[in-house]
Amino acid sequence: MDNVVQLSSATHAMRARDLLRKRGIRSEVRRVSGKKGRGVCSYSLKIYNRFDEAIEILRGNNIRIVGRDGAQ
Amino acid sequence: MIYLDNGATTSPKPGNVVNSVCALTRNLSANPGRGGHRLAMKAAELVYNARTTVSDFFSVDDPSRVVFTLNCTTALNIVIKGVLKKGDHVIISGYEHNAVLRPVEKLKERGVTYSVAEVVEGDDDKTLDNFRNCIKQNTRLVVCTHASNVFGIKLPVGRICALCHQYGILTCVDAAQSAGLLPIDLKNSSIDYLCIAGHKGLYGPMGTGALIINCDVIPDSFVEGGTGSNSYDYNQPEILPDRFESGTPNFTGIVGLMKGIEFVKSRGIENIYRKELSLVQNAYERLGSMKNVILYTGYPEFGSYVPVLSFNLADKDSESVGELLSRRFGIAVRAGLHCAPLAHKSKNTLDIGTVRVVPSAFSTQNDINALVSAIFKIK
């Protein structure tokens, strides 16, 4: 498990990172590698801790997650 | 040159803006939001920081609601052409710039109609009544300037927008002349779309502006193309801000705009406004005491005007006065219609235009003294 979520744009990825940072969750914005086919030309967030909680925070703030690879 | 044409664009720009633009052009000429390499990611980060700076400045929670544009005109066109459909009616104020008037006139070809609500200087109740009287069953949008770019008269946009929401009408405010001078809190207002110029009272470089979308009605896309996101999809992305930001952005300008806002915050909006309006008040009093000078507004009181002063000399056309000020006295002002024929119609200056004086945070009393002295000699 990579604990990575794929987001639709740089803006959304950076906003997601900042929202998580405010809750004490560390993450990093990366360009998506493309291994998931349609993942090319989007951005991902590598989440280093409290992954499931992070997902809930992003959903609660209307940040659309277009793909994920991590703990459930 | 004494520069009093800050209504067109502020000059000089603050040192932090100039330094930022120069340094980025030299050291970070990478395309933001496209590649994944270190420079592109750094550029994307800076654009995001600029977006959050703008959203914080206007009290918007979600920075993706800030769409960077080339200027305020583009932002207004996105709203007007992206919201209105055949059969819709739109209301504009009698002080609108051509950035509003020409798009709504153009939309007549699409079956959109418009009405002009007369602004009554010094009587906000009457102005509000005029807007109310223009409302029709099919009124979809009201577009209203925050302050006249010709006469400095401030419109009661808060009340106008609140009235529109009572009728379920969307609201769009042109803050080209007010952003950076008057506080705008979108969280506590009924403004649905705020259009700003980045290069005037926010002290960014030319070629910057923004649309801030403060409602759930998202206009149709205006320009389609590459966004660096969802590239497999043939259709323009729905997400903000990508929906409206196709093509390579004005990266250095956008970061320069962020620096301009930092400059405004460091000086304080209220301080800048009071300083500039005091200069305009001084010019108003002294020019008003000259026999041949014609002024067009009441005394520019704090809270009712932005620092914009229009005047004419009785026996001279405005362009001649502007030319003389430049050539003989080294003073830069704007003369003519200022792209706002509706405003001139309301003051009967459509045929002659006006000479417009607009100070900035860098203007001084000496600048006004030089202007008054020059006008005394010209008249």
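The rules behind these values
Residues numbered from 1 in each chain as written. Chains lettered and ligands numbered in written order. Predicted model: local features only at pLDDT ≥ 70, side-chain atom pairs only at ≥ 80, totals over all residues. Heavy atoms only, no water. Domains from an automatic or database assignment. Buried area = accessible area lost by both parts, 1.4 Å probe. Salt bridge = Lys/Arg side-chain N within 4 Å of Asp/Glu carboxyl O. Polar contact = N/O pair within 3.5 Å; in protein donor to acceptor, adjacent residues only side chain to side chain. Helix = DSSP H or I, 4+ residues; strand = E, 2+ residues; numbered from the N terminus. Nonpolar A, V, L, I, M, F, W, Y, C, P; charged D, E, K, R; others polar. 1 Å grid on protein atoms, 1.4 Å probe; cavity = no way out; pocket = protein on both sides within 12 Å on 5 of 7 lines; lining within 4 Å. Points joined across faces, edges and corners; volume = space filled by probe spheres on them. Pairing = 2+ DSSP bridges. Axes fitted to C-alpha atoms, helices over the stretch in contact; angles between N-to-C directions. Contact = heavy atoms within 4.5 Å.

> So what about the domain arrangement of chain B? Which residues, and what values?
Residue and element names in this part refer to chain B. Taken domain by domain, chain B consists of domain 1 (61-250) and domain 2 (268-378). The centre of domain 1, based on its C-alpha atoms, is set 27 Å off from the matching centre of domain 2. Summing both sides of the interface, domain 1 and domain 2 together bury roughly 2,200 Å²; the carbon and sulfur share of this comes to 63%. Between domain 1 and domain 2 we count 1 salt bridge in total. Between Lys347 and Glu121 there is a salt bridge, with the nearest N and O atoms lying 2.7 Å from each other. For the pair domain 1 and domain 2, the interface holds 13 residue pairs in polar contact (both at pLDDT 80 or more). Those elements that provide at least two residues to the side of domain 1 that touches domain 2 are strand S3 (89-93) and helix H4 (98-106). Considering only residue class, the side of domain 1 that touches domain 2 consists of 12 nonpolar, 9 polar and 3 charged.

> Explain the layout of surface pockets to me, and be specific about the residues and the numbers.
All names here are of chain B. Space inside the largest pocket adds up to approximately 320 Å³. Lining the largest pocket are 16 residues, with Phe68, Thr69, Leu70, Phe244 and Ser246 positioned closest to its centre. For the lining of the largest pocket, the secondary-structure elements that each account for two or more residues are strand S2 (66-69) and helix H3 (72-83). The class makeup of the residues in the lining of the largest pocket is 8 nonpolar, 7 polar and 1 charged.

> Quick rundown of the sheet that holds strand S4 (residues 113-117) of chain B? Include the residues and the values.
Residues and elements named next belong to chain B. Here we have 7 strands laid out as an open sheet, ordered S2-S8-S7-S6-S5-S3-S4, and mixed in their pairing. Since the sheet does not close on itself, it has two edges, and those belong to S2 and S4, each with one partner. Strand-to-strand twist of the sheet, defined as the mean angle between neighbouring strand axes without regard to direction, takes the value 20°. Where strand S5 (residues 139-145) and strand S6 (residues 170-174) come together, 5 bridges link them in parallel fashion.

> With reference to specific residues and values, describe the interface of chain A and chain B.
Tallying the contact residues gives 15 residues for chain A and 21 residues for chain B. Taking both sides of the interface into account, the surface hidden between chain A and chain B amounts to around 1,500 Å²; carbon and sulfur atoms contribute 57%. Three residues, Thr11, Met14 and Arg15 of chain A, lead the burial of chain A against chain B; their summed loss comes to 33% of the area buried on that side. Inspection of the region where chain A meets chain B yields 2 salt bridges. Of the charged contacts in the structure, one is a salt bridge between Arg17 of chain A and Glu45 of chain B, with a shortest N-O distance of 2.5 Å. On inspection of chain A and its partner chain B, the count reaches 9 residue pairs in polar contact (both at pLDDT 80 or more). Going through the elements one at a time, helix H1 (10-22) and strand S2 (27-31) of chain A are the ones with two or more residues in the side of chain A that touches chain B. The element contributing the most residues to the side of chain A that touches chain B is H1 of chain A, with 7 residues. Of the residues that constitute the side of chain A that touches chain B, the class distribution is 5 nonpolar, 4 polar and 6 charged.

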